[in-house]
Structure formats: C-alpha cells, structure tokens
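Chain residues, written in single-letter form:
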Amino acid sequence: MEASTRVARQVVAELVKAGVSTFVLCPGSRSAPLAYALGAAADAGVLTLHVEIDERVAGFVVLGAALAGKPAAVVTTSGSAVANLHPAVEEANHAGVPLIVLAADRPHELRGVRASQTADHRAILEGSVRFVTEIPAGAPHVRGQVMRAANKATGTNPGPVLINVAFREPLVPSSNWTDPIADCRFERPKPARHPVVVSGPSNRSLGIANLLHVAPNLGHVPILAEPTGELRSHSNAVGAHPLLLRTRVREQIDSVVVLGHPTLTREVSHLLADPKVSVFAVDEPAGYTDAAGTAHVVNLREVNDLLSNAEPGWLDRWLDLDRTAQKAIDREIGTELSFPTIARALTSSPVPTQLAASSIIRAVNLYGHAPAGPMFANRGLAGIDGTISTAIGAAIALGQPARVVVGDLAFIYDLGALAKGAGQKIPGLDVVVVDDHGGSLFATLDYGAGDEPTYDRLFRTEKDVDIEAATRAFGVDYAAPTTLEEFVRLLSQPDGVRITHVDLGRIPMGVERASRQDLGEVIVRILEP
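The rules behind these values
- Each chain carries its own residue numbering, running from 1 in the direction its sequence is written.
- For this predicted model, a pLDDT threshold of at least 70 governs which residues receive local features, and a threshold of 80 or more governs which side-chain atom pairs are given and counted, while totals over whole chains, interfaces and linings are taken from all residues.
- As a rule here, side-chain values cover all heavy atoms of the structure and leave hydrogens and water aside.
- UniProt positions are given in the numbering used here, feature names are shortened, and annotations may be inferred rather than shown by experiment.
- Only protein chains enter the accessibility calculation, which uses a 1.4 Å probe. A residue is then buried if its area is under 20% of the maximum for its type, exposed if over 50%, and partly exposed in between.
- Numbering of helices and strands starts at the N terminus; helices are DSSP runs of H or I of at least 4 residues and strands are runs of E of at least 2.
- We call two strands paired when DSSP finds no fewer than two bridges between them.
- A clockwise course of the path from the first strand over the helix to the second, judged with the strands pointing away from the viewer, identifies a crossover as right-handed.
- Only one rule defines a salt bridge in this text: a Lys or Arg side-chain nitrogen within 4 Å of an Asp or Glu carboxyl oxygen.
- The contact criterion used throughout is that any non-hydrogen atoms of two residues lie within 4.5 Å.
- Side-chain rings of Phe, Tyr and Trp, where Trp is taken by its six-membered ring, are said to pair if the distance between their centres is within 6.5 Å; with planes under 30 degrees apart they count as stacked, over 60 as edge-to-face, and otherwise as tilted.
- Whenever a helix is involved, its axis is fitted only over the stretch in contact; in every case the axis is a line through C-alpha atoms, and angles between N-to-C directions fall within 0 to 180 degrees.
- Each angle is binned into one of four classes, with values under 35 degrees roughly parallel, values over 145 roughly antiparallel, values of 65 to 115 roughly perpendicular, and all other values oblique.
- By convention the crossing between two helices is left-handed if the near helix lies anticlockwise of the far one by an angle smaller than a right angle, and right-handed if it lies clockwise.
- When residue character is reported, Ala, Val, Leu, Ile, Met, Phe, Trp, Tyr, Cys and Pro are called nonpolar, Asp, Glu, Lys and Arg charged, and the others, Gly included, polar.
- In this analysis, the expected span of each helix is defined as 1.5 Å times one less than the number of residues it contains.

Per an unreviewed UniProt entry, the protein carries the name 2-succinyl-5-enolpyruvyl-6-hydroxy-3-cyclohexene-1-carboxylate synthase and comes from Trueperella bonasi. The heading Sequence similarities (unreviewed entry) in the UniProt record of the protein holds the text "Belongs to the TPP enzyme family. MenD subfamily."

Enquirer: How would you explain the pairing of strand 10 (residues 278-282) if you had to name every residue and give the values?
Expert: Within strand 10, 4 of the 5 residues are buried, leaving the element largely enclosed by the surrounding structure. Across 4 bridges, strand 9 (residues 255-259) lies against strand 10 in parallel orientation. Looking at strand 10, one finds that V257 is bridged to F280. Crossover connection from strand 9 via helix 11 (residues 266-272) to parallel strand 10: handedness right-handed. One ladder, built from 3 bridges, connects strand 10 with strand 11 (residues 296-298); its direction is parallel. Opposite V282, over in strand 11, you have V298 as the bridge partner.

Enquirer: How would you explain the pattern of salt bridges if you had to name every residue and give the values?
Expert: Evaluation of the coordinates by the stated rule reveals 20 salt bridges. In this structure, D274 and R250 form a salt bridge, with 2.8 Å as the shortest nitrogen-oxygen distance. Of the two residues, D274 sits in the loop between helix 11 and strand 10 while R250 sits in the loop between helix 10 (241-244) and strand 9, which places them 24 residues apart along the sequence. Neither residue differs from the other here; D274 and R250 are each classed as buried. With a closest N to O distance of 2.7 Å, R516 and E512 form a salt bridge. Taken as a pair, R516 and E512 lie in helix 21 (residues 509-527) at a separation of 4 residues, close to a single helical turn. Given the relative accessible area of 22%, R516 is considered partly exposed. Put simply, D456, R460, E462 and R506 are held in one network by salt bridges that share partners.

Enquirer: I'd like to hear about the environment of I333, residue by residue, with values.
Expert: Considering the arrangement of structural elements, one finds I333 in the loop between helix 13 (314-332) and helix 14 (339-346). Between the alpha carbons of I333 and G112 there is a distance of 55 Å; along the sequence they are 221 residues apart. Not counting residues up to four positions away in its chain, the partners in contact with I333 are P340, T341, R344 and L519.

Enquirer: I'd like a rundown of the UniProt feature "domain: Thiamine pyrophosphate enzyme TPP-binding" (unreviewed entry) in the protein, residues and numbers included.
Expert: According to UniProt, the feature "domain: Thiamine pyrophosphate enzyme TPP-binding" (unreviewed entry) maps to residues 369-490 in the numbering used here. Within residues 369-490, the helical portion is 34% and the strand portion 16%, while the C-alpha atoms at the span's ends are 19 Å from each other.

Enquirer: Describe the packing of aromatic side chains, naming the residues involved and giving the relevant values.
Expert: In the structure shown here, the tally under the stated rule is 4 aromatic pairs. Centre to centre, the rings of F442 and F459 are 5.6 Å apart; their planes meet at 50°, and the pair counts as tilted. With F442 in the loop between strand 15 (429-435) and helix 18 (452-460) and F459 in helix 18, the pair connects residues that are 17 residues apart, well separated along the chain. Under the relative-accessibility criterion, F442 is labelled partly exposed at 29%. Owing to a relative accessible area of 24%, F459 belongs among the partly exposed residues under this scheme. Relative to F459, the ring of Y447 lies with its centre 4.5 Å away and its plane at 15°, an arrangement referred to as stacked. Of this pair, Y447 sits in the loop between strand 15 and helix 18 while F459 sits in helix 18, and the two are 12 residues apart along the sequence. Judged by relative accessible area, which is 40%, Y447 ranks as partly exposed. Among the aromatic residues, those joined into a cluster by ring pairs are F442, Y447 and F459.

Enquirer: Tell me about the sheet that holds strand 11, residues and numbers included.
Expert: Pairing within the open sheet is parallel, and its 5 strands lie in the order 8-7-9-10-11. Both outer strands of the open sheet, strand 8 (223-225) and strand 11, are each paired with one neighbouring strand and no more. On average, adjacent strands in this sheet sit at an angle of 25° to one another, irrespective of strand direction.

Enquirer: Lay out the packing of helix 14 against helix 20 (residues 484-491) in plain terms, naming residues and giving numbers.
Expert: Axis separation between helix 14 and helix 20 bottoms out at 10 Å; the angle between their running directions is 30°. Classified by the angle their axes make, helix 14 and helix 20 are roughly parallel. Considering the relative orientation of helix 14 and helix 20, their crossing is right-handed. Residues T341, I342, A345 and L346 of helix 14 form the contact with helix 20, whose own contacting residues are L484, F487, V488 and L491. Classifying every residue of the contact of helix 14 with helix 20 gives 7 nonpolar, 1 polar and no charged.

Enquirer: Summarise the sheet that holds strand 1 (residues 22-25); cite the residues concerned and give the values.
Expert: Neighbouring strands of a sheet are bound in pairs by backbone hydrogen bonds; such pairs are parallel or else antiparallel. The 6 strands lie next to each other as 2-1-3-4-6-5, forming an open sheet whose pairing is parallel. Two strands lie at the open edges of the sheet, namely strand 2 (48-51) and strand 5 (131-135), each paired on one side alone. Taken over all neighbouring pairs, the strand axes of this sheet differ in orientation by 20° on average, direction set aside. Bridging between strand 1 and strand 2 involves 4 bridges; their strand directions are parallel. When the sheet's bridge partners are listed, F23 is paired in strand 2 with L49. Each of strand 1, strand 2, strand 3 (72-76) and strand 4 (99-105) touches helix 3 (residues 55-68); the most contacted strand, strand 3, lies at about 165° to it.

Enquirer: Describe helix 1 (residues 3-17), naming the residues involved and giving the relevant values.
Expert: In an α-helix, one turn spans 3.6 residues; hence positions three or four apart end up facing the same way. A rise of 1.5 Å per residue sets the reference length of helix 1, with its 15 residues, at 21 Å; its end C-alpha atoms lie 21 Å apart and thus fit the reference within 8%. Taking burial as the measure, the 15 residues of helix 1 include 11 buried ones, the bulk of the element. Of the positions making up helix 1, those classed as buried are S4, T5, V7, A8, R9, V11, V12, A13, E14, L15 and V16. Immediately beyond the C-terminal end of helix 1, within one or two residues, lies G19, with a positive phi of roughly 105°.

Enquirer: Account for unusual backbone geometry, with residues named and values stated.
Expert: In this structure, the amide linkage connecting E169 to the following residue, P170, adopts the cis form with an omega of 0°. Here P170 is to be found in the loop between strand 6 (161-166) and helix 8 (180-183). Cis rather than trans, the peptide bond between A370 and P371 has omega equal to 0°. Take P371: it is sitting in the loop between helix 15 (359-367) and strand 13 (375-377). Even without glycine at this site, A382 takes up a positive phi of about 60°. The residue A382 is located in the loop between strand 13 and helix 16 (387-398) in this model. Despite not being glycine, T461 has its phi angle at roughly 45°, a positive value. Position of T461 relative to the elements: it lies in the loop between helix 18 and helix 19 (467-473).

Written out as structure tokens, the structure reads:
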C-alpha cells in the first residue's frame, strides 16, 4: 500500500474512533489521499461527508456542525486553502468550539524553496488553535498525534486544533479500502493477564494515596518506577526493573500502563515501542507519554479495569526476581565509592533529594533501593542546568533540609546558585558532587565506542576547576569523603549548606564503558543462569 494511502486511512480511522463523525471536504490535489479515504468511509456508513469548494464556507459549515453536536473536521489541500479557514477558526477559538482542521501538506523538504502550493500552515493558524500536530510524510504511526489533537479539541478547554499531514506521491490509492467499518470501530481494550505499570515523574500532585484510591489495582501488579516516579515509594516497586527487562520475564509482558513521563532507560523505551505489547498512556495536564505513537490514551479511572485480570502469581514472580537482583547487586558492587554504591547509599537516606539529569539518576534507577525516600529531578527536558537552584527551591518549599546530587559539569553549570542573598536563609542544602571528571555518561552511549581523543574533546569535556576552592569562595562548608563508610556518615548529618565532593577519578572511556556494561551483565546472568 502507498504510504500516503496508509497514513490517510489511519488518520481518518483514528478521528472516527475519537468521536468525529462529520467531515467537510474541500477538493484539492495534495489532499487526494484524505479525499479517497473519506469517500470510502462515507460509503461504508461510518461517517458523514459534505463537500464544499470554498474553504471559508467549509470552515463555517464545520463550525455549525461542531456547535450542534460532536467535534467535526474540515479537510483542505495545501497552500492558501488553509488561510481561508482563519475566520471560522478564530470564531471557534473564542467560542470554545471543538473544530478540527485536517490539512494536507507537501513534504517538509519543500518548505522554504518556493515549491508550488506550499505554505507554513502552522504559522497561519497557530495563534488561533489549542494545539498543532505535524505528521510527516510516510509516518509509521499516527494514533498518538491524532488522539492528542482530538483530546485537546474536546478537553477541559475545548477549541480548534490543527492536524497537518504531509503526503508524497503517489497520491491515488492502488486498491480499495477493504474494511473501513472494522478499521474505524473503537474497541474497548480487554484487561491483560501480564500487565505492568511504568511510572515516571508527573506534575499530577495527587500523591500515592490518592492515586491508589482512584485506581487501587495499580498496587496489584509489578510497578516499574523511575527514581522520581509517582509510585517509586510503593512496596511493589521493582527497583532493578531495567535489569529484569533484559530477562525472559520481559517477553511475558502483554500490557503496559504508563503514568507520568518515563525517560531514563532504553529497556523501557523498547518495551513501549513493542508492537506486541498494548500500551495505555494515562492523560494528565502536561499530556501523556507516547514517543512511539502507538499508545491508547486513557484516564486514571479507566486504569483500574485494565489491571483487573492479572494472572495470580504474576506480581510475586517480579518481586522474587527483584529480591534476587538486590542481593546480587549488594554482592557485586563492592565497598568502594562508585556510582552503584553511591546510588545504594542515597536511596537509603530519607532526606528529600534532587538528582541531576546525568549519570547519577541512571545509577539510582539501575541500582538504587525501592521503595526510597522522596526524589525530584528536572526531567521535562532533562537538562543539567539549574539543578542546584531547583533543589534550593524544594528546600524552601518543604521547610526542611534537602539534598542535591550532581556531576562535576552540572555543579559548574549552576555554581552561582551558591551565592547567598544578603539576609536570606534556606533550611539547609547538602550538595553532593559526584566528580567523574566530565561527562562520563557519554561513554555508555554510541560515542563511547569510537575514538577516545575525539570522545574526550567533544563529549567528556572535562573542566579544570578546583571544586574546593570554588566552594570556599562562596563561604560554603566542604567535605571530601574518600571511603563509602565516610560518605554514608556524611549523608546522615545534613547540616547547613555543604558541598560533599566525591572524586571518583578520571577513568578512560573504554574502561568506563566496559565496567558499567559488565556489572549489568553479571547481574542478568545471575537472574538467568
């Protein structure tokens, strides 16, 4: 099937599943794939199709249809056609009417080169719509983008949205749409036998007790929670889940419920992109997580039914494996200061802790205890800037001492946060600097398999900074533990503002990469001898 035909049929089907039953089509060439798909669906009786030649008229026809009932969609070709919808879109914007603009577009590479009938549709309408999604030519998945747009159109702040779909030739289908009725039918998901919950950071602020009140079955299945995930403190949180996802138990997972914004591990990303696994993303004010574009969007109350049919013993299997993994971690990581031992120590401390978006949060995710004390991180965009400042804000809001754990680069980024305002105090801040002499995290990625001088110059980017001298310049206490025992003792004594400088030394790229990989492989072999 032509990519343009496949994408057009998927977009139409997902809009129908989302409750759109009235479509108004304006003729055009680039929109031909959508026109053929709408014609076939209308002939099958799954939607109502009306045709207008004037886009301005079409926009107001759709406005009337949306005012009278369900959300409705107007379909145009590329170029000035979209601009002619603007009056109707503005009315929908100010009246809160769920109007969906479904615009066909030329491929993105034709923008800015004066290709015929090519305009920036986003620029035309963005100031007047609630949401814009761009579907590139030949996109493998469209469900997530279409569902997100439909949810924005009909949500708590309803209004117009733009779905911009690029198409490449051929634009004419080579075969009929076999069964538009079946493809457009919404089917309520069935409860799975082997579900898991993936829990990432969230701004929902419900608290674990309220989450479980709304959806108590969240606590009856394996919970794969990141260090800052809402459910990390639950007794069923599987601490070593990134390692368990490398074992055979991973192949038994048939369903995943996603809470919040998980971003840390490739194993979880691969799980959420697996076409054999049903993924249900829970919507929240910031949106839902669906990087693969294949998730079903659900609300929190629907989750309880999705998790109601888990096989007896499924949760126990995960918890048993996790206990084995935890014992193996304790045995294999040794007693020297390292990322894994630091992660274990941090998650044994009750002090609220901010984690930098670097090696340390990944070490905590892999080797930290679960449940653990309250942890925070800037994971919206996962930058390392402002980490110390964010922790200061947390300490002020909580009214109690807090801890922040950064690498040496994140520390340098936010060093100015240690400058105290005259007469201002914070309850206390323990800044733990895990000094790995630059961005050693990159050694674990593809860049760590290349040329070491190139890696050191472009990715490690070690800085020649005297951390103790910088600390003293700001009038802050300084400690430099050299043993794990000394480090643990300092963690138990948060007092005032202090820099705890843990110097791990400069480890060559290849050694760093091998040591991090080898530890995980050893534990996986213990789990599956």
